[in-house]
Amino acid sequence: MPRKPFTSSPLPRLLLASTLASACVAGCRPTPVRSFDRAPVAMPESFGAAAALLEDAADDPRSGDAPAAMPEPWWRTFGDPGLDAAVDSALAGNLELRQAWHRLRQAAAEVVISGAAAAPSLDASVSASGTRLGDREPEFPPDGSPGNRWDERYALGLGLSWELDVWGRLAAREQAATLRARATRADVSDAALLVTAGVVEAWFTVQEQRAFLNLLEDQLQSSRTLLELTELRFSLGEGSSVAVLQQRSQVAATESQLPAAEARLAAARHRLAVLLGRTPDDLGPHEPGAVLPELPPLPPLAAPADLLRRRPDIRAAVARLEATDREVAEAVADRWPRLSLSLTADWTTAAIGAAFQRDLVTAAAGVLLPLADGGRRTAEVRRREAIVQRQLDALGGVVLVALQEVEDALSRERHQRELLRRRARQLALSRETLEETRRRYANGLGDYIDVIVSLQSLQQLERQVLGEEVELLVNRSRLHRAFGGLWMEQLDPAAPRDLDAFASAADRAPAPDIVPESTPESTPESLP
């Protein structure tokens, strides 16, 4: 009997009916998705501490000319080429930042995986089978040959399946994965921002400790010179042994500051090296000096509303919120019927390389209608809606923390500037006091204890001023970190490492013995 033409099969009618059904409901989502482009908290028009800081900065002779816009990259405003090179090295080698880049690659792959569910799936199969048939089988009459016969069959199959995304369930899933990848990219920017701020602060800390050691050496030299003068006066009969002992005690007190300062310097260098992706004892060419940079001019301050665009943690929170909203749409669409199409074709032959002797083509269209699931799908919708509400409040918390960080940085810089202005006056008075006590002691009008007290007060004040100047620089870096930025979007991804270069052949190495064998000394019978 001649085979019927393929066009008489029901497959074209099934495809036509499914396509028409999809076109009728295309774009009709059970739940509309939303875009959260407004902050869930009231945003102020300006920062409260900004006006007072700008006024103080205008009166500060160190301020200079402010840039026309918020500088990016911001750390270059300190004018330290060594710091610039260290930050560039950290952006390429910091291990936390490299992990963030790999998480982004993972998220990008998950987008492809989620989108693949909406595309048709085509599978191929190949099989071979053999059936032993006896000589008494009617199809194989005895022919005089000994043994049994084998009936061999070889088959080739193709299967095509496709779920029509009528209600947008699969599209919502792919959009959620895309938004989560966008959030992960914002996490990369946030990690880069934290790494640069950490490197800048560690760089200033190393410079501070080096400057502190130099200051201690200068103070120690001055104290030793004063000790020599005191001993000379005592040898000439113009002083007392108490004054000599007091000055020796003051020299010893200054010397005792050196080990702690050297330990702080070593710890700061170790922290900087780890931030650069190096071992703690290897800073390479990135060795900070002992001279602190000048405080750069205060840049124009961004408006509070600009934080929604500049802060990567806010952008990440918004993207995750929108992704969860897409998951709500997916959960709602999961309660509606699913329409799927399938097409299978199988060909069989009795010998490899021979023409196919039989073919079978099957086309099917199915509808899956959820009827009863114990309330699971409905509860899943409520669960994801609750997550949306929670993440919306979490977004509000992230925005409030961002506003707080900016306000804190602005307030600290203003008060730190005022503190340094007052410290300058206090430092001048302390130096005058030391000179006066020295003069009175030299003229026999005062006790040496006054000189010691004045000297100790001056040296302690010089150390405090050094730390407070560094704190002003560190706070400026925190101000830039609080404002965020967009320079992180231009970073090149970290290149993956060669895994074979860091892994050994496990099949050639014996497995480690995790549980040691028991010994006679450790058996319960041997215990007392």
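All of the points below concern the structure found in this document.

1. Quick look at the side chain of Arg476
Locating Arg476 in the fold gives a position in helix H11 (residues 448-483). Judged by relative accessible area, Arg476 falls into the buried class, the value being 0%.

2. Details of H11
Structural remark: α-helix, 3.6 residues per turn; residues separated by three or four positions point the same way. In a regular helix each residue adds 1.5 Å, so 36 residues correspond to 52 Å; H11 covers 53 Å between its end C-alpha atoms and thus fits that length. Where H11 terminates, the next one or two residues include Gly484, which has phi positive at roughly 70 degrees.

3. Looking at the pairing of strand S3 (residues 338-349)
Note: strand S2 (residues 149-164) against S3, 11 bridges, orientation antiparallel. Counted as the bridge partner of Leu160 is Leu343 from S3.

4. Overview of the environment of Gln106
In this structure, Gln106 sits in helix H4 (residues 95-116). On the basis of relative accessibility, which here comes to 47%, the residue Gln106 falls in the partly exposed class. Put simply, Gln106 and Thr184 are 78 residues apart on the chain and 9.5 Å apart in space, counted from C-alpha to C-alpha.

5. Here we look at a nonpolar patch on the surface
Residues Leu122, Leu158 and Leu160 make up a contiguous nonpolar surface patch of roughly 270 Å² in combined accessible area. As for its position among the elements, Leu160 is in strand S2. Residue Leu160 is classed as partly exposed on the basis of its relative accessible area of 35%.

6. Some thoughts on the pattern of salt bridges
Here the structure, examined in full by the defined rule, presents 31 salt bridges. Arg76 is the salt-bridge partner of Asp88, the closest N and O atoms lying 3.6 Å from each other. In this pair, Asp88 is assigned in helix H3 (residues 81-93) and Arg76 in the loop between helix H2 (50-59) and H3, connecting sequence segments 12 residues apart. Relative accessible area serves as the criterion here: at 36%, Asp88 is assigned to the partly exposed category.

7. Observations regarding the packing of helix H6 (residues 241-255) against helix H7 (residues 257-275)
Two numbers describe how H6 lies on H7: the axes approach to 4 Å, and their chain directions differ by 15 degrees. Considering the angle they form, H6 stands roughly parallel to H7. Where H6 abuts H7, its residues Ala253, Thr254 and Glu255 lie against Gln257, Leu258 and Pro259. Tallied by class, the residues present in the contact of H6 with H7 amount to three nonpolar, two polar and one charged.

8. So, the nonpolar core
Residues Val199, Phe204 and Trp487 are the most contacted members of the largest nonpolar core, which totals 52 residues. Those elements that place two or more of their residues in this core are H3, H4, helix H5 (169-235), H7 and H11. Looking at which element gives the most residues to this core, the answer is H5, with 18 residues. Ignoring sequence-local partners within four residues, the contact set of Phe204 consists of Phe78, Leu83, Leu292, Pro293, Val470, Leu473 and Val474.

Rules and cut-offs
Residues numbered from 1 in each chain as written. Predicted model: local features only at pLDDT ≥ 70, side-chain atom pairs only at ≥ 80, totals over all residues. Heavy atoms only, no water. Helix = DSSP H or I, 4+ residues; strand = E, 2+ residues; numbered from the N terminus. Buried < 20%, exposed > 50% of the residue type's maximum accessible area, 1.4 Å probe, protein only. Expected span 1.5 Å × (residues − 1). Pairing = 2+ DSSP bridges. Patch = residues over 30% accessible without salt bridge, like charges linked within 9 Å, V, L, I, M, F, W, Y side chains within 5 Å. Areas by Shrake-Rupley, 256 points an atom, 1.4 Å probe, with all protein chains shown as cover. Salt bridge = Lys/Arg side-chain N within 4 Å of Asp/Glu carboxyl O. Axes fitted to C-alpha atoms, helices over the stretch in contact; angles between N-to-C directions. Parallel < 35°, antiparallel > 145°, perpendicular 65-115°, else oblique. Contact = heavy atoms within 4.5 Å. Nonpolar A, V, L, I, M, F, W, Y, C, P; charged D, E, K, R; others polar. Core = buried A, V, L, I, M, F, W, Y, C linked by side-chain atoms within 4.5 Å.

By themselves, these observations are geometric and do not establish any function.
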